[in-house]
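# Chain and residue survey
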Amino acid sequence: MQAIRSILVVIEPEHAESLALKRAKLIAGVTQAHLHLLVCDKKHDHAGLLSVLKAALLAEGYSVTTEQAWNESLHETIIDVQQAEGCGLVIKQHFPDSSLKKALLTPADWKLLRHCPTPVLLVKTTGSWKDRVILAAIDVGNADGEHRHLHTTIIDHGYDIASLAKAHLHVITAHPSPMLSAADPTFQLKSTIEAKYREQCRAFQAEFDVDDEHLHIEEGPADVLIPYLAHKLQAAVTVIGTVARSGLSGALIGNTAEAVLDALESDVLVLKPQEVEDHLVELAVKH
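Here the residue numbers are simple positions, counted from 1 along each chain's written sequence. In view of the model being predicted, local features appear only for residues whose pLDDT reaches at least 70, and side-chain atom pairs are presented and counted only at 80 or more, with totals across whole chains, interfaces and linings using the full set of residues. For side-chain calculations, the full set of non-hydrogen atoms in the structure is used, while hydrogens and water are omitted.

## Overview of the overall build of the protein chain
Where we set the bar: Think of it this way: any DSSP run of H or I at least four residues long counts as a helix, any run of E at least two long counts as a strand, and we number them from the N terminus. Relative accessible area decides the class of each residue, using a 1.4 Å probe on protein chains only: under 20% of the type maximum gives buried, over 50% gives exposed, and in between gives partly exposed. Throughout, a contact is declared for two residues whenever any of their heavy atoms are within 4.5 Å. Shrake-Rupley sampling with a 1.4 Å probe provides the accessible areas, and residues are treated as covered by the protein chains on show and by no other component.
In terms of helices and strands, the protein chain carries ten helices and ten strands. Buried positions account for 48% of the 287 residues belonging to the protein chain. A separation of at least 24 residues holds for 75% of the contacts in the protein chain among residues at least 6 apart in sequence. Carbon and sulfur atoms make up 53% of the accessible area of the protein chain, which totals about 13300 Å².

## Some details on the pattern of salt bridges
Selection rule: When a carboxyl oxygen of Asp or Glu is within 4 Å of a side-chain nitrogen of Lys or Arg, the pair counts as a salt bridge.
Overall, the coordinates contain nine salt bridges when judged by the stated rule. Here Glu194 and Arg198 are joined by a salt bridge, their closest N and O atoms 3.4 Å apart. Within this pair, Glu194 and its partner Arg198 are both found in helix α7 (residues 190-208), separated by four residues, close to a single helical turn. A salt bridge links Asp212 to Arg202; its shortest N-O distance comes to 3.4 Å.

## Quick word on the side chain of His170
The condition that has to hold: In protein, a polar contact requires one atom able to donate a hydrogen and another able to accept it; more generally it is a pair of N or O atoms within 3.5 Å, and residues adjacent in sequence count only if both atoms are side-chain atoms.
You can see His170 is positioned in strand β7 (residues 168-175). Among the polar contacts made by the side chain of His170, one reaches the side chain of His216 at a distance of 2.8 Å. In this structure, His170 is in contact with Val133, Ile134, Leu135, Ala136, Glu213, His214, His216 and Leu233, ignoring residues within four places of it in sequence.

## With respect to the environment of Ile240
The residue Ile240 is located in strand β9 (residues 235-241) in this model. Residue Ile240 is classed as buried on the basis of its relative accessible area, which comes to 3%. Between the C-alpha atom of Ile240 and that of Gly158, which follows or precedes it by 82 residues, the distance is 9.4 Å. Apart from residues no more than four positions distant in its own chain, Ile240 is found in contact with Ala137, Ile154, Ala257, Val260, Val268, Leu269, Val270 and Leu271.

## Focus on the confidence of the model for the protein chain
Our working definition: Residue-level confidence of the predictor is summarised by pLDDT, bounded by 0 at the bottom and 100 at the top.
Taken over all residues, the pLDDT of the protein chain has a mean of 86, while the share at 70 or more is 86%. Here residues 244-253 scores under 50 on pLDDT; set against residues more than four positions off or in separate chains, the count is 22 contacts.

## What to know about the nonpolar core
As a reminder of what qualifies: Buried residues of nine kinds, namely Ala, Val, Leu, Ile, Met, Phe, Trp, Tyr and Cys, make up a nonpolar core once their side-chain atoms join them within 4.5 Å.
Ile7 and Leu35 are the most contacted members of the largest nonpolar core, which has 51 residues in total. Not counting the four nearest positions on each side in its chain, Leu35 is found in contact with Ile7, Val9, Leu21, Ala24, Ala28, Leu57, Tyr62, Ser63, Val64 and Thr65. Core analysis: the second largest hydrophobic core is formed by 33 residues, Leu8, Ala69, Leu112 and Ala235 among them.

## Points about the sheet that holds β7
Just so we agree on the cut-off: DSSP calls a pair of strands paired once it identifies at least 2 bridges connecting them. Interaxial angle, 0 to 180 degrees, is taken between N-to-C directions of lines fitted to C-alpha atoms, where a helix line uses only the stretch in contact.
Strand order across the open sheet formed by ten strands is β3-β2-β1-β4-β5-β10-β9-β6-β7-β8, with mixed pairing between neighbours. Each of the sheet's edge strands pairs with one partner strand only, and the pair in question is β3 (64-69) and β8 (215-219). Taken over all neighbouring pairs, the strand axes of this sheet differ in orientation by 20 degrees on average, direction set aside. Strand direction decides the pairing type here: strand β6 (residues 133-138) and β9, joined by four bridges, are parallel. Considered in β9, the bridge of Val133 is made with Ala235. Running at roughly 165 degrees to β3, helix α2 (residues 47-59) makes contact with β2 (34-40) and β3 of the sheet.

Spelled out as structure tokens, the structure:
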């Protein structure tokens, strides 16, 4: 997070208060990142609004540029501008779709999470992050190199947000229920499963100073447990990751991230492994 030099902020002209801009100002205030404000609009008739926002931000000491653009769809426009401006983070306010609309059409925010090469912060709340909980969700059951690197990235970003917002970092990992038929005896008892997961958490606990009180190893499906714990802890931000499931050609976001997006009552930061980000950059360039 500290290394981000430029932030793309998606401005929604029809909404009076820009929650995305509020979060961008918080992050840029600490990291000194440049803010690039984008209105995705075919008509390009929001120059007045962008001019007012820019003037106010410049007066507050922020580095800022503005743009109006449109290219076929909302997520494609955002990604095109992100690539052109070299922004290391995209911040957008999340507006949930109805169940019927989601059944018929893939939500725009899902498409953005699937295809954007950089981290995406979807803002859902108006409250302050200060003195709140930042929840980092990882899957230590997957211990391959790609997942291990992603776990570190998730906790690293969670730690950064907690530091800049003077908040408290908690980490959750979900584990499967015991199965007496499991070939590995470890997965036949809840106590041995939990012990195995706890052991796999030791390295990052030491690196990021996460004590056992701030580590939650829970039994059950991640897409249920993550929103449950985020609600219980009153988390301000939930940090989750995604790994391509069907080969890099698909670069599909994991089901968990999409499933929890509307269920979470917090802001959501979604991250990808470097390999997936690199592949999505290639796709964006070709496009």
